[in-house]
Amino acid sequence: MSIREVAVADEAGLLGRIYRSIFRVRPVPQTELERSQAVASNFFFHIHSAKVYEETLKFKKTLGLGLFSLFTFVVLVITGILLMFYYVPAPEQAYQRMLDLRGVVSFGTFLRNMHRWGAHAMVGLVILHMMRVYLTGAHKAPRELNWVIGVVLLLLTLFLSFTGYLLPWDQLAYWAIMVGTSIASYAPVVGDQIRFFLLGDDDVGREALLRFYVLHVVVLPAVLSALIGLHFWRIRKDGGLARPSTDE
Ligand code: HEM
């Protein structure tokens, strides 16, 4: 007997009451309507609309790239929070803290590599996901808005990667940001303002490190999380995933 069956049988007992306070015990849906209601009321099924084409649920349709992108983002948030316990965004300490992570902190190298490789993986997965969407024609009506939201998600992902690059405060980080922000300064009209906004100074120094840190650990993850929520909501509102290619 499964826990569910025990809990259902034990209707008046303590076990049954605890189980039902956590899970909604419903009979297995039999009709189309009951099946739709079961999907609509389940948080974990919620990403799809109540009815979806069976073919679109197949792995070969999406290659799971959107979900893999989400998974890497969650891994990055968790490892990023753990890294924040050790990292100090100040020029005198940042580099030494990074070395300590590699040599002193238990599992520090593992943690740092998870975060670093996770970041590279996320950039690659989001680009592959975008290509999948385009090549299966899933960007067409009625999904134009979700495509635009996706483009913003890609830019935010790239910017997250860029802001994280400075934090180790080594030569590679310094020169990468020097080159990156110099390129930004060539943008017409507002180029110099963008560079100054990012660096908070004329050079890559204390102000830049603090700004990149705040953008990297608070602003960009918060905006990205909100937009991912919007992205998922649109997937549902636009009618689940794209129709089978024969219908397009
Ligand atoms: C943080 C980045 C992103 C995450 C976590 C994410 C997540 C997802 C997920 C889970 C799906 C469901 C289907 C699937 O797994 O492929 C999806 C669908 C979709 N995504 Fe993304 N996505 C991201 C970035 C993008 C980008 C960069 C674009 C395009 C510029 C995009 C456009 C779309 C569109 C149009 C759909 C609907 C596809 C369909 O109906 O078949 N997404 N996304």
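In what follows, the accompanying structure is described. Not measured: the values here are computed from a predicted model.

Quick notes on the coordination of the iron atom of the ligand
Point 1. Those donors, His129 (NE2) and His231 (NE2), are the protein atoms that reach the iron atom of the ligand, and they lie 2.1 Å from it.
Point 2. Coordination geometry of the iron atom of the ligand: the 6 donor atoms subtend angles of 86 to 179 degrees at the metal centre, consistent with an arrangement described as octahedral. In this pair, His129 is assigned in helix 7 (residues 108–135) and His231 in helix 11 (residues 206–237), connecting sequence segments 102 residues apart. Across the pair, His231 and His129 agree in class, each one buried.

Notes on a negative patch on the surface
Point 1. A contiguous patch of negative charge, built from Asp201, Asp202, Asp203 and Glu207, is present on the exposed surface.
Point 2. Mapped onto the elements, Asp202 comes out in the loop between helix 10 (191–199) and helix 11.
Point 3. A residue is classified by how much of its surface remains accessible, and Asp202, at 60% relative accessible area, is exposed.

Observations regarding helix 11
Point 1. For helix 11, with 32 residues, the first-to-last C-alpha span of 45 Å sits near the 46 Å given by 1.5 Å per residue.
Point 2. In the structure, helix 11 departs most strongly from a straight axis at Leu215, where the bend amounts to approximately 45 degrees.
Point 3. With its phi angle positive at about 95 degrees, Gly239 sits one or two positions after the end of helix 11.

So, how was this worked out
- Residues numbered from 1 in each chain as written.
- Predicted model: local features only at pLDDT ≥ 70, side-chain atom pairs only at ≥ 80, totals over all residues.
- Heavy atoms only, no water.
- Donors = N, O, S within 2.8 Å, 3.2 Å for Na, K, Ca; no water.
- Tetrahedral: all angles 85-135°; square planar, octahedral: opposite > 155°, others 65-115°.
- Helix = DSSP H or I, 4+ residues; strand = E, 2+ residues; numbered from the N terminus.
- Buried < 20%, exposed > 50% of the residue type's maximum accessible area, 1.4 Å probe, protein only.
- Patch = residues over 30% accessible without salt bridge, like charges linked within 9 Å, V, L, I, M, F, W, Y side chains within 5 Å.
- Areas by Shrake-Rupley, 256 points an atom, 1.4 Å probe, with all protein chains shown as cover.
- Salt bridge = Lys/Arg side-chain N within 4 Å of Asp/Glu carboxyl O.
- Lys, Arg positive; Asp, Glu negative; His and termini not counted.
- Charge placed at Lys NZ, Arg CZ, Asp CG, Glu CD.
- Expected span 1.5 Å × (residues − 1).
- Bend = angle between axes of the 7 residues up to and from the residue.

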